[in-house]
Amino acid sequence: LSQGQLNLLERCPRQFQHAYLDLFGSPTTAEQQERQAWGSRFHLLIQQRELGLPIESLVREDAQLQHWMNAFATAAPEMLNVEPNSQIFRASEHYRTLQVQDYLLSVIYDLLIADDRQAQIFDWKTNPKLPKKTQLEKNWQTRLYLYVLAETSDYLPEQISMTYWYVPSAVEIPVTSLQKIQFTYSQTKHEKTTKDLQQLLNKLTYWLKCYELGESFPQIPAENKNCESCQFTTRCRRDRADTPNS
């Protein structure tokens, strides 16, 4: 299970079923494809630079990408400027897993920097809008990434932090809008995540057993705003207010 799957499961169990059990795909718009392509290019650029590989070929054909790289180096020099003979652990696209109950939780850190005092998780976002910090704190990416590192390392929760860097796509927002949102961790937050995660996985186990017997995952209330933008509104019979739930 990834953070995206946990978010979807919590937001709408039926949508989780359609996407990951029934395998009902949904088309992406041209705008979404463009943003995904931009995000992939930016992640690749950062990863190759972190690995010490040449990046000239990537930026030669994309001046805007070079522009963003320069801006990022100015805004966050502690991440991109590696000191020679440094004892700091650095890993790009760092993958970790943790088994909880019968589930394997997986995370991929865009960049993990750690020393004997602290561990810092960094994540690059190319979303067009900066989310509210309160919403991002509740997101399972923030919660799971911090949780897994605390569970799979010797660091105390108070020694772990996570920072999101928001890099708007090249065609939308000027470079001066580069922003970050940072979260610290604590034992109290860790215990809360443990409890919430156990409860959510208990529900998933129950719903999976029911699904094997032919019963669908539960739906959220029909008046929920999430249904308005869901690709499965017709399949769930939520496209008409006078139609009963399936």
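Residues numbered from 1 in each chain as written. Predicted model: local features only at pLDDT ≥ 70, side-chain atom pairs only at ≥ 80, totals over all residues. Heavy atoms only, no water.

### Considerations on the overall build of the protein chain
Consideration 1: Within the protein chain one finds 9 helices and 5 strands.
Consideration 2: Counting helices and strands in the order they occur from the N terminus, the protein chain gives α-α-α-α-α-α-β-β-β-α-α-β-β-α.
Consideration 3: Put simply, the protein chain has 246 residues, and 43% of those count as buried.
Consideration 4: Within the protein chain, contacts between residues at least 6 apart in sequence are counted, and of these 63% link residues at least 24 apart.
Consideration 5: Counting every atom, the protein chain has about 14100 Å² of accessible surface; 49% of that belongs to carbon and sulfur. (Helix = DSSP H or I, 4+ residues; strand = E, 2+ residues; numbered from the N terminus. Buried < 20%, exposed > 50% of the residue type's maximum accessible area, 1.4 Å probe, protein only. Contact = heavy atoms within 4.5 Å. Areas by Shrake-Rupley, 256 points an atom, 1.4 Å probe, with all protein chains shown as cover.)

### A closer look at the pattern of salt bridges
Consideration 1: For the structure shown, the criterion picks out 6 salt bridges.
Consideration 2: A salt bridge links Asp116 to Arg117; the shortest N-O distance between them is 3.6 Å. The pair Asp116 / Arg117 is uniform in exposure class, with both members exposed.
Consideration 3: Here Asp196 and Arg143 are joined by a salt bridge, their closest N and O atoms 2.7 Å apart. One end of the pair, Asp196, is in helix 9 (residues 187-212); the other, Arg143, is in helix 8 (residues 140-151), with 53 residues separating them in the sequence. Arg143 matches Asp196 in its accessibility class, with the two residues each being buried.
Consideration 4: In the salt-bridge network here, residues are joined through shared partners; they are Asp115, Asp116 and Arg117. (Salt bridge = Lys/Arg side-chain N within 4 Å of Asp/Glu carboxyl O.)

### Some points on the sheet that holds strand 2 (residues 103-114)
Strands in a sheet are paired, the pairing made by backbone hydrogen bonds, and the direction either parallel or antiparallel.
Consideration 1: A sheet is described by the order of its strands in space; here 5 strands give the open sequence 1-2-3-4-5, paired in mixed fashion. Edge strands, defined here as strands with exactly one partner in the open sheet, are strand 1 (89-100) and strand 5 (179-184). Put simply, the sheet's adjacent strands are angled 35 degrees from each other on average, direction ignored.
Consideration 2: Here 4 bridges tie strand 2 to strand 3 (residues 119-125), and the two strands are oriented antiparallel to one another. Note on strand 3: the bridge partner recorded for Ile113 is Gln120.
Consideration 3: Seen against the sheet, helix 9 touches strand 1, strand 2 and strand 5 and runs at an angle of roughly 145 degrees to strand 2. (Pairing = 2+ DSSP bridges. Axes fitted to C-alpha atoms, helices over the stretch in contact; angles between N-to-C directions.)

### What to know about the environment of Asp110
Consideration 1: Looking at where Asp110 falls in the secondary structure, it is placed in strand 2.
Consideration 2: In this structure Asp110 comes out as buried when scored by relative accessible area, which is 6%.
Consideration 3: For the pair formed by Asp110 and Tyr95, sequence separation is 15 residues and the distance between their alpha carbons is 9.0 Å.
Consideration 4: Every residue in contact with Asp110, bar those within four places of it in the chain, is listed here: His43, Ala91, Ser92, Glu93, Phe122, Asp123 and Trp124.

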